[in-house]
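Architecture at a glance
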Amino acid sequence: MSRTEGSKFFTFLKVCFQQVKLIIPWVDVQKLERTSNVIMTDIIRITTPSKERDFSMFLNIDEAFRIMEQLADVTLRRLLDNEIFELDPGLQDPTQITKRDLEARAQNEFFRAFFRLPRKEMVHEVLDCSLWTPFSRCHTAGRMCASDSYICFTSKESGCCDVLIPLREVVSIEKMEDTSLLPNPVIISIRSKMAFQFIELKDRDSLVENLLQRLKQVNASNPVYYNSLKNKDTTSPTFHSTSVFGNCESDSTGIVASKNMDGNDAGKDGSHLLNSEELRSNVPQPGTEEFRKFKERVKESLWNDHFAEYGRTVCMFRTEKIRKLVAMGIPESLRGELWLLFSDAVTDLASHPGYYENLVEASMGKCCIATEEIERDLHRSLPEHPTFQSETGIAALRRVLTAYAHRNPKIGYCQSMNILTSVLLLYAKEEEAFWLLVAVCERMLPDYFNHRVIGAQVDQSAFEELIKERLPELAEHMKDLTTLSSISLSWFLTLFLSIMPLESAVNAVDCFFFDGIKAIFQLGLAVLEANAVELCNSKDDGQALMILSRFLDHVKNEESPLSPFKNHHTFFSDDQEPCAVTEVADLIRDSYEKFGDYSVDLIEQMRYRHRIRVLQSHEDTTKQNVLRVVIPDVSIVPEHLEELYDLFKREHLISCYWDLTSPVIERHDPSRAYAEQYRLDHQQFTNLYKLVSPWTCGEHTEVLAERMFRLLDENMDHLIEFKGLACCLDVMYNGEMNEKIKLLYRLHIPPALTEDERDSQSPLKNPLLSTSRPLVIGKANGTCCQKQLKQMLKDLAKEKDAKMEKGLPKMSQREFIQFCKTLYSMFHEDPEENDLYQAIATVTTLLLQIGEVGQRSSSSGSGSGEFTDDLQGEAAASDQDAVFSDTVKTPWKDSQSSPVAKGDWTVSLEHILASLLTEQSLVNFFEKPLELKPKLENAKLSQYSLKTNGMSYPSRGEQVKVNSQQQTSLSS
C-alpha cells in the first residue's frame, strides 16, 4: 500500500485512541498515541525489510482494535493489580511497548486461563506438534506450550485432548531417533511410569535444552518427597510425589498435617490439631436406597475404567469422554481426589510440605478485621449440615479461612468464601481444602474475592452480553438486565452452592473444577432458558427473583447417596402451587449441549471488553462518593468540582505510571476508602497547584505550593487528599478577603513555613522585598500612617489577650517579611500593579512600626496607652522616607548593632488585616471575582503538554538536588 493508505491507518488508530479516552478518561491518550507509533515503527522495521514499506498489514480493523483492546487492558491491569502486572517485564516502560510485547502478554493470559495455572507462569515456547494418544492409537495434532514450571498440550480440535504436565513430575526428557514415521521425537517420562511422545517439533534441540534447564531449576527449588513404602504398587497410575490418596501414615508428600493426628507434630499447646480425613466421612448417614448405592458403584466402576486407560494423575489425558463423566456427577468417594487433580491444587500441596500447618500456627489467635468477619460467618456456613453443627467442623473451617487470610492479606476474607470452604472440607482433608481454596481464589476465579468483587462483576457484565446473544426474547422483555445480573452474582461467587440443594450443587462444582468458569456461564444460561417463558410473563423484578429461586430450590439429585439438607441461602416462595422437579444431571447436560460452544479464548475476549465498563463504573462511583463529601464544604459549582477531581486523579495516575516518582507515592488501591484511593505527594501537588491556583507568583509559585502542601498535610503522611485541594482553592476563588488573608497568613507561619526552607533565610542575607522599581513613601504618607496606626491600636487593644490566645499565633519578623514577599510577587503583571505596590509599601511600613513598638513595649512592660504614645513619638521623630528597593531597609537606624531576640518582634493576623483594609486598591485586589473554569480548561490541555513534548516533571531526587543548589547560592 502507499504512504497515503498508511497515513489513513494512523488517522484511524488515533480515532480509536479517542474512543478509548471516552471509556477511560484517565488514560493518557497522547502517550498511547506515541506508544502506537513505537509499535508500528517496530513492526514495519522487522516485517518489511524492503525499502518501500508496505502498510497493508495495518489496514485491518480487527487487528487495530485488538491492539487497542490490549493497551486498554494493560492500563486496567495496572489499576487492578500492580503486583501481578509487574510480572510482565516487557510492559514496565509504556513508551517501549511493542506489538510483540502485547502478543506475548495475551498469549500468557490465554495460557494461564486455559490451563488455570498460577499467574506468575510465563510462556517460553509455543510449538506445533503431535502427541501420541494411546486411547485413539494415533498421534493427535496440537500445540505444546512450555512455561516456567509446566509443559502443556492442547489439540487443534477443541476438546479432543488436553494434557498438563508439571515439571516437578518429570523424570526425564529425551530425544529419540529421528525417522520418517516419527520426525523429531521427544519422550517425556513422569514418575507414575507414564511417558508422553511428542513428534514434529521444530528446533527440537533448543527446546529440549531449555526444558532440561528449567527442570533442573524446578527440582532444585522444589525437591520431590518420595514414597517410603516399599510394597506400594509401582505400576499404579497415581504418581507418588503428589499422592493424596493413601493412608495418612504413608502420605508420600510427608505432609505435616497428616502426622498431626497422633499429636507428635502438633502446636506447642496441642490446640491446632488438623483433620486428616474428609469431614463428610465423620457424618453418620442414614440408610440410603439400594438404587442410589448401586448408581454410585456403577459410577465408580466407570471412573476406574477411565483411569486405567487415561491415567489417574494430574497428567491424565483430558478428553470429551471425561467431560461426560464429570457432567453425570463424580462419585462421592472420588470427588475430593478429582477436584485436586483438575485444579492442579495437588501440585501445590506436594510442593509445600508443612506450609499449611505453619500458617495455622502463625495465624490462629491473632485478631484482625478478617478474623472478626470469619468468626461472624462460621455458623452461617451450611448451618443445617451436621458437620457444621459440631466444634470439629467449625474449628476446621476457622483454621482454613484464617490461614488463607494470613497467606493472602490482600484478599483476606470475603463473604461466600465460608460457603465454598465448607463444601471443600466435606470432600477433602483439611490441608487439601486449603490448597483447593488457594486454587479457586488465585487462579480459577481471579479478582473475584476482594472488597469490590471486580472479577465477578466483569463476568456478570459478560453474562448480560451472552443473554442478549443467546436468549434475545428474554433480553427484549427485561430491558434492564442488571436485575438478572444481581440475581446471578451469587451463582458465580458461590458456584451455585448458596442457591441449590447441596447434593445438586456439588455436581455444578464438579463441572467448574474441570471446565473452569465456562461451566458456570453455560449453566446460568441453561437456568434462564428453562425459565424463559415464566420470566417473560413476570410483572416485576421481585416476581422474576421468586421464579428463579423456586426453580433452583427444586433442582434435585436423585442419584446422590447424601441425605437431603435444606438450603437456607435461597429465597422461598409462599405459593402453594407445586413446582416441577428438575434433575441436575439433565440441567447440566442441557447446558453443555445448548451453550457449551464457548471457548476460553472467547470468554477472555469478553472479559477484556467488560473489564473496562465495570472499572469505569467503579471509578464513577468513587468520584460521586468523594464529591458528595466535598460539595457541602465548598462553594465551587459541582461541574467544576468534578473537572477538578478528574485533574487530581489524572495527576496521580500520570506520576505513578509514567514518571519515576518518590517511594511515598502509593499507586491506586481500590481497597482503601473512597477519599484515599487517589492522593498526591509533594511533587504531584506542586504540578497541579501551578495549573489551577489563581495565586501565581512567578518563580515564587513553587515555594508557595510547597507551603500549601505542608499546611494541608495535617497527618504528616506526605500525601494530600482531594478535599484538601478543593477547600484551599475554594478560599482562593470564592472566599472573602479576610478568609484569603487568613490563608496567606497561615502559609507564612509554621508548619507551612519551616526554618530550613530554601526561600526563607534571614532577610539580611536575601533580597526579599524587591520590586522592579524603588517605592518612596513621603512625609505626608507618614502623617497619615500615624493617625491610622494610633486608631488601629486603640481598636485592637480592646480585643486583647483572651481572643488572641484562641486565634492564630503571632507572626515573627522573618515570617512577616516572607509574607510581604508573597504579596509583592502576587501583584506582578496585575493591571493595577503600580497602585498595589504603593499600597503594600504603605501597609508594610505601618506594620513594621507596629512590630517595633510592640517589641519595645513588651521589653519595658508598658501598657497599651504607653504603647500608642511611644509609637506616635517614634513616627513623628522619623523624617526619613521609607524606601523599598533591592535591599531591605529596616525602620530602625542600626538593626545589626541592636539585634532583637528571636520571637520578640511580632504582628498578629488582626494587625495585618486591619492594615490592609486601609488601602482600597488592596481591598479591590482580594475581593475581585475570579473564574475557575478558564483555569480548568487550560489545565486539561497543559497537564499532558510537558510529556508530549518529551519533558517530564522533575523527580523527587532531582528536586532535592535543585533545592540544595539554591540553598548554596543563597547562603553565598
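Residues numbered from 1 in each chain as written. Predicted model: local features only at pLDDT ≥ 70, side-chain atom pairs only at ≥ 80, totals over all residues. Heavy atoms only, no water.

The subject of this paragraph is the confidence of the model for the chain. Predicted confidence across the chain gives a mean pLDDT of 77, with 70% of residues reaching 70 or more. Long-range and interchain partners of residues 18–57, a stretch whose pLDDT sits below 50, account for 83 contacts in this model, where long-range means more than four residues apart. Low confidence marks residues 761–785, where pLDDT is under 50. Its contacts with residues over four positions away, or in another chain, come to 56 contacts. (pLDDT = per-residue confidence, 0-100. Contact = heavy atoms within 4.5 Å.)

Now for the pattern of salt bridges. On inspection of all chains with the given rule, the structure shows 35 salt bridges. Among the ionic pairs, Asp 717 bridges to Arg 679, the shortest N-O distance being 3.4 Å. Of this pair, Asp 717 sits in the loop between helix H28 (700–712) and helix H29 (722–734) while Arg 679 sits in the loop between helix H26 (638–658) and helix H27 (682–692); the two residues are 38 residues apart in sequence, bridging distant segments of the chain. A relative accessible area of 23% means that Asp 717 is categorised as partly exposed. For Lys 690, the salt bridge is made with Glu 702, and the minimal N-O distance between the two is 3.3 Å. Linking Lys 690 in helix H27 with Glu 702 in helix H28, this pair joins segments that are 12 residues apart in sequence. When its relative accessible area of 15% is taken as the criterion, Glu 702 is described as buried. Within the structure, one salt-bridge network assembled from shared partners comprises Glu 643, Lys 933, Glu 937 and Lys 940. (Salt bridge = Lys/Arg side-chain N within 4 Å of Asp/Glu carboxyl O. Helix = DSSP H or I, 4+ residues; strand = E, 2+ residues; numbered from the N terminus. Buried < 20%, exposed > 50% of the residue type's maximum accessible area, 1.4 Å probe, protein only.)

Here we take up helix H15 (residues 417–427). Burial within H15 is extensive, with 11 of its 11 residues counted as buried. Within the span of H15, buried status applies to Met 417, Asn 418, Ile 419, Leu 420, Thr 421, Ser 422, Val 423, Leu 424, Leu 425, Leu 426 and Tyr 427. Buried residues along H15 sit in contact with helix H10 (335–343), helix H13 (369–377), helix H14 (391–407), helix H16 (430–444), helix H19 (482–494) and helix H20 (502–515).

Let us now look at the pairing of strand E1 (residues 123–133). The pairing of E1 with strand E2 (residues 138–147) spans 10 bridges and is antiparallel. Paired with Glu 125 across the strands is Ala 146, a residue of E2. Taken together, E1 and the strand that follows it, E2, pair antiparallel across an intervening segment of four residues, in which Arg 137 is found at a positive phi of about 55 degrees. The pairing of E1 with strand E7 (residues 195–199) spans two bridges and is antiparallel. When the bridges of E7 are listed, Ser 130 appears paired with Ile 199. (Pairing = 2+ DSSP bridges.)

Together, Phe 294, Val 298, Leu 302 and Met 328 make up an exposed nonpolar region whose accessible area comes to about 330 Å². Looking at which element gives the most residues to the nonpolar patch, the answer is helix H8 (residues 290–310), with three residues. Positionally, Phe 294 belongs in helix H8. Of the residues examined, Phe 294 reaches a relative accessible area of 46% and is grouped as partly exposed. (Patch = residues over 30% accessible without salt bridge, like charges linked within 9 Å, V, L, I, M, F, W, Y side chains within 5 Å. Areas by Shrake-Rupley, 256 points an atom, 1.4 Å probe, with all protein chains shown as cover.)

The final tally for this structure, using the stated rule, is zero disulfides. Here Cys 145 stays unpaired: no disulfide links it, and the sulfur of Cys 152, its closest cysteine neighbor, is 6.6 Å away. The class for Cys 145 is buried, based on a relative accessible area of 11%. (Disulfide = S-S within 2.5 Å.)

Attention now moves to the pairing of strand E4 (residues 162–166). For E4, a buried count of five out of five residues is recorded, marking the element as mostly surrounded by other parts of the structure. By the alternation rule, side chains of E4 split into Asp 162, Leu 164 and Pro 166 and Val 163 and Ile 165, which are all buried. Sheet topology note: the strand E3 (residues 150–155)/E4 ladder contains five bridges and is antiparallel. Paired with Cys 152 across the two strands is Leu 164, which belongs to E4. The hairpin formed by E3 and E4 contains six residues between the paired strands, and Gly 159 there has a positive phi angle of roughly 85 degrees.

All chains considered together, the criterion is met by 31 aromatic pairs. Taking 5.5 Å as the distance between ring centres and 20 degrees as the angle between the ring planes, the aromatic pair formed by Tyr 824 and Tyr 837 counts as stacked. Linking Tyr 824 in helix H33 (residues 813–827) with Tyr 837 in helix H34 (residues 833–860), this pair joins segments that are 13 residues apart in sequence. Note on accessibility: Tyr 824 and Tyr 837 belong to one class, buried. Sitting over the face of the ring of Tyr 427, Arg 335 holds its NZ or CZ atom 5.2 Å from the ring centroid. (Phe/Tyr/Trp six-rings, centres within 6.5 Å; stacked < 30°, edge-to-face > 60°. Lys NZ or Arg CZ within 6 Å of the ring centre and 35° of its normal.)

Relative to the elements of secondary structure, Asp 459 occurs in helix H17 (residues 454–470). On the basis of relative accessible area, Asp 459 is assigned to the buried category, the value being 1%. Contacts of Asp 459, omitting those with residues within four sequence positions, involve Tyr 448, Phe 492, Ile 517, Phe 521 and Arg 607.

Relative orientation of the contacting elements H17 and helix H21 (residues 517–530) amounts to 45 degrees, with a least axis distance of 11 Å. With respect to each other, H17 and H21 are oriented oblique. The hand of the H17/H21 crossing is right-handed. Touching Asp 459, Ala 462, Phe 463, Leu 466 and Ile 467 of H17 are Ile 517, Phe 521, Gly 524, Leu 525 and Leu 528, all from H21. In terms of residue class, the contact of H17 with H21 is built from eight nonpolar, one polar and one charged. (Axes fitted to C-alpha atoms, helices over the stretch in contact; angles between N-to-C directions. Parallel < 35°, antiparallel > 145°, perpendicular 65-115°, else oblique. Left-handed = near helix turned anticlockwise from the far one by under 90°. Nonpolar A, V, L, I, M, F, W, Y, C, P; charged D, E, K, R; others polar.)

The strand order across the open sheet built from seven strands is E4-E3-E2-E1-E7-E6-E5, with neighbouring strands paired in antiparallel fashion. Here the strands that pair on one side only, and so sit at the sheet edges, are E4 and strand E5 (170–175). For this sheet, the mean angle separating the axes of adjacent strands, direction not counted, is 30 degrees. Judged from the four bridges that link them, strand E6 (residues 186–190) and E7 form a sheet pairing that is antiparallel.

Attention now moves to the packing of H20 against helix H24 (residues 584–595). Between two packed helices, the angle of one axis relative to the other and the distance separating the axes together describe the packing. Where H20 meets H24, the axes come as close as 9 Å, and the angle between the chain directions of the two elements is 30 degrees. Judged by the inter-axis angle, H20 sits roughly parallel to H24. The hand of the H20/H24 crossing is right-handed. Contacts between H20 and H24 involve Ser 504, Asn 507, Ala 508, Cys 511 and Asp 515 from the former and Val 584, Ile 588 and Tyr 592 from the latter. When the residues that make up the contact of H20 with H24 are grouped by side-chain class, the tally is five nonpolar, two polar and one charged.

For helix H6 (residues 204–221), built from 18 residues, the straight-helix expectation of 26 Å at 1.5 Å per residue is met to within 8% by its first-to-last C-alpha distance of 26 Å. Looking only at H6, the buried set comprises Arg 204, Leu 207, Val 208, Leu 211, Arg 214, Leu 215 and Val 218. The arc that holds the buried residues of H6, viewed along the axis, is 135 degrees, so those residues lie on one side. Among the exposed residues of H6, those oriented more than 90 degrees off its buried face are Glu 209, Lys 216, Ala 220 and Ser 221. Those residues of H6 that are buried lie in contact with E1, E2, E3, E5 and E6. (Expected span 1.5 Å × (residues − 1). Arc of directions from axis to C-beta.)

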